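If you want the building blocks of each chain, they are given just below.
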Amino acid sequence: MSAAAWDDVRAAYERVAPEHMRALFAGDPARARRFSCDAGPWYLDYSKNRIDDQAMAALIALARASGVEARRAAMFAGERINVTENRAVLHVALRHRGATPITVDGQDVMPSVRAVLAQMKAFSARLRNGEWRGFTGAVITDVVNIGIGGSDLGPSMACEALRKFARPGLRAHFVSNVDGTHMSEVLRRLDPACTLFIVASKTFTTQETLTNAHTARAWLINALGGEAAVARHFVAVSSNPPGVREFGIDTANMFEFWDWVGGRYSMWGAIGLPIACHVGFEVFESMLEGAYAMDKHFCDAPLERNMPVIMGMLGVWYRALFGAASYAILPYDQYLHRFPAYLQQLDMESNGKSVQLDGTAVAGATGPIVWGEPGTNGQHAFYQLLHQGTHLIPADFIVAANSHNPVGRHHTLLLANCIAQGEALMRGKTPDEVRAGLAGMPPAPALLPHRVFPGNRPSNTLVTRSLDAYALGALVALYEHKVFVQGCVFGINSFDQWGVELGKRLAQAIEPELEQGRGETGSRAGVHDASTARLIQRVRDWRQI
Ligand code: G6Q
């Protein structure tokens, strides 16, 4: 069924690809109105894309033919759509605000979801009002989240994004890297008596997280004089109670989540505890409300007016038809400075696959490389390539009409730059315009081509009134569903991550070989290739231990 839909999309591409967007705008005064839509607090302008009505119709038809609607229904119904791990995919349950049940194997998960949210609410309130104290009776002033990947990127991005709502005097820190520098640099600034650690690990077996947690534990015990202090300074977020107990954290201080929540989709529940502590549970809840509004839009809006579907299909358009290998995410908002890193995991770990659900190889391209930086910094760095380089790189601009820090003209300048970049990428600058701009002083002929901008470079612009928790929740849910839509079209499982396993296993084997007197290098036994063996040997020789 989708083969015919792909043929239509290809035919649309053949027709539209030679067109310049300037001409498309000139010939269609209603283009911007038609190619825009609202979802919750976000307005999307997607008119600066290399599309026309027929191309959009063909893309939406491809979404239908790829079973997006049926798969969406299956996800929300708690079916085990993560087939390679035999799991349901129900992060939407964590932010479900309706009264209807959401079931997995006939069991309503909502009572347990609400119970954990209530536990988070109570705990974050006690911490913030000074009722929960450290071992010595001191008020907690610093919360350190120890986690990695999905147990780090979401909450750290959201804490940065919502920093304006944080309570002064309660700081959030995130330690993820197993590089001892990360932990040391954070601990160096902290007072153990006033520090609370959240050990966030779904499995509670992750090497980096457990190594960091043990270091933090030793630091605390050393400073506060005994194991008894651990209970007041460590809580855990996990789906593995025995692992938590074994580490020495009372499971009464454990916040649970479930195997139907994928790591990179988990900031809406217990993994969001540092967010709730940092900005308060009400603000956290508002983030859930925003995500829920986007979920409802995703479920209810016709595909033609459905923001995650439109963005997902535009991504497929550039990836599969135009061969665009990457796309740039350009938030014009300093508070969103970790958003590109967050989206890298969401998109690349979800859709960086080359095998379809049935185990056969994909025929074409799958997920793109995601990268970006906040504006306007990027403009003075890599935008040169976006405007005049040889790659086609679609971009998403994200901006709020109002700033939380309305200082002088700053925000007007920021907005102007954001809007101007989309315009410049689309319009470009023709040789005639270059000449006209230099009236009376035409450039040397050899210089002219350097000053020409080809334009016709696509972008989306997402605008909201103000980047509050509601808008943030809706924004993240928008991208989650966009990635979901693309996964459906690519025919892959967006919810597993087998690609991270091999490196982990090899690191375990190499670790003992790096220390003199512990293992021998595997070169002699032929375990490693010659390059790896020599690297191990060189590091062994140079290490000062
Ligand atoms: C995300 C991945 C991965 C995971 C980390 C941490 O979807 O599964 O990034 O979140 O490997 O895992 P733990 O939470 O189990 O420590």
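Structural data are supplied above this passage.
So, here's what we can say about the structure. These numbers were taken from a predicted model, which means no experiment stands behind them.

Procedures and definitions
- Residues numbered from 1 in each chain as written.
- Predicted model: local features only at pLDDT ≥ 70, side-chain atom pairs only at ≥ 80, totals over all residues.
- Heavy atoms only, no water.
- Pairing = 2+ DSSP bridges.
- Helix = DSSP H or I, 4+ residues; strand = E, 2+ residues; numbered from the N terminus.
- Axes fitted to C-alpha atoms, helices over the stretch in contact; angles between N-to-C directions.
- Contact = heavy atoms within 4.5 Å.
- Core = buried A, V, L, I, M, F, W, Y, C linked by side-chain atoms within 4.5 Å.
- Buried < 20%, exposed > 50% of the residue type's maximum accessible area, 1.4 Å probe, protein only.
- Near = heavy atom within 4 Å.
- Polar contact = N/O pair within 3.5 Å; in protein donor to acceptor, adjacent residues only side chain to side chain.
- Areas by Shrake-Rupley, 256 points an atom, 1.4 Å probe, with all protein chains shown as cover.
- Nonpolar A, V, L, I, M, F, W, Y, C, P; charged D, E, K, R; others polar.
- Lys, Arg positive; Asp, Glu negative; His and termini not counted.
- Salt bridge = Lys/Arg side-chain N within 4 Å of Asp/Glu carboxyl O.
- Right-handed = clockwise from strand over helix to strand, strands pointing away.

As a general point, the strands of a sheet are linked pairwise by backbone hydrogen bonds and lie either parallel or antiparallel. The sheet built from six strands is open, its strands ordered β1-β2-β13-β12-β10-β11 with mixed pairing. Here the strands that pair on one side only, and so sit at the sheet edges, are β1 (36-39) and β11 (369-371). Each neighbouring strand pair of the sheet contributes to a mean axis angle of 20 degrees, computed without reference to strand direction. Looking at chain direction, strand β10 (residues 326-331) and β11 are connected through three bridges and run parallel. For alanine 328, the partnering residue across the bridge sits in β11 and is tryptophan 371. Lying over the sheet, helix α15 (residues 307-321) contacts β1, β2 (42-45), β12 (395-402) and β13 (459-466), oriented at roughly 35 degrees with respect to β2. Of the strands in this sheet, β2, β10, β12 and β13 are in contact with helix α21 (residues 469-490), which crosses β13 at around 155 degrees.

The subject of this paragraph is the nonpolar core. Counting residues in hydrophobic clusters, the biggest one holds 126 residues, and the most contacted among them are Trp260, Met287, Trp317, Phe339, Leu462 and Tyr479. Element by element, the count of residues in this core is highest for α21, at 15 residues. Setting aside residues up to four positions removed in sequence, leucine 462 forms contacts with Trp42, Tyr43, Leu44, Met307, Met311, Phe397, Ile398, Val399, Leu475, Leu478 and Tyr479. Counting 26 residues, the second largest nonpolar core, distinct from the first, contains Val144, Ala213, Ala236 and Met254.

What follows concerns the site of the ligand. In the vicinity of the ligand, 13 residues are found, and the nearest of them are Ser151, Ser201, Lys202, Thr203 and Thr206. Here serine 201 contributes a side-chain N or O atom positioned 2.6 Å from an oxygen atom of the ligand. Within the side chain of glutamine 345, a nitrogen or oxygen atom sits 2.7 Å from an oxygen atom of the ligand. Contact with the protein chains removes 86% of the 410 Å² of surface that the ligand exposes when unbound. Partitioned by chemical class, the residues of the shell around the ligand number one nonpolar, nine polar and three charged.

We now examine the side chain of arginine 72. With respect to the helices and strands, arginine 72 occurs in helix α5 (residues 68-76). Although arginine 72 lies buried, it forms no salt bridge, and the closest oppositely charged side chain, glutamate 69, sits 4.8 Å away as judged by the N-O distance.

Mapped onto the elements of the fold, glutamine 486 is located in helix α21. Dropping the residues within four chain positions of it, glutamine 486 is found in contact with Met311, Gly312, Gly315, Val316, Asp347, Asn351 and Pro368.

Another aspect to go through is the sheet that holds strand β6 (residues 171-175). Across the sheet, which stays open at both edges, the five strands sit in the order β6-β5-β7-β8-β9 with parallel pairing between neighbours. Edge positions in the open sheet fall to β6 and β9 (254-256), since each of these has one partner strand only. Looking at each pair of strands side by side, their axes are set apart by 20 degrees on average, direction ignored. For strand β8 (residues 234-238) and β9, the ladder comprises three bridges, and the chain directions are parallel. Bridge pairing in β9 links serine 238 to glutamate 256.

Turning our eyes to something else, we now look at the pairing of β6. Residues in a regular strand point their side chains to alternate faces of the sheet. Note: strand β5 (residues 142-146) against β6, five bridges, orientation parallel. Bridged to asparagine 145 within β6 is phenylalanine 174. This β-α-β element, β5 to helix α8 (residues 153-161) to β6, shows right-handed connectivity.

Function cannot be read off these values alone, since they describe shape.
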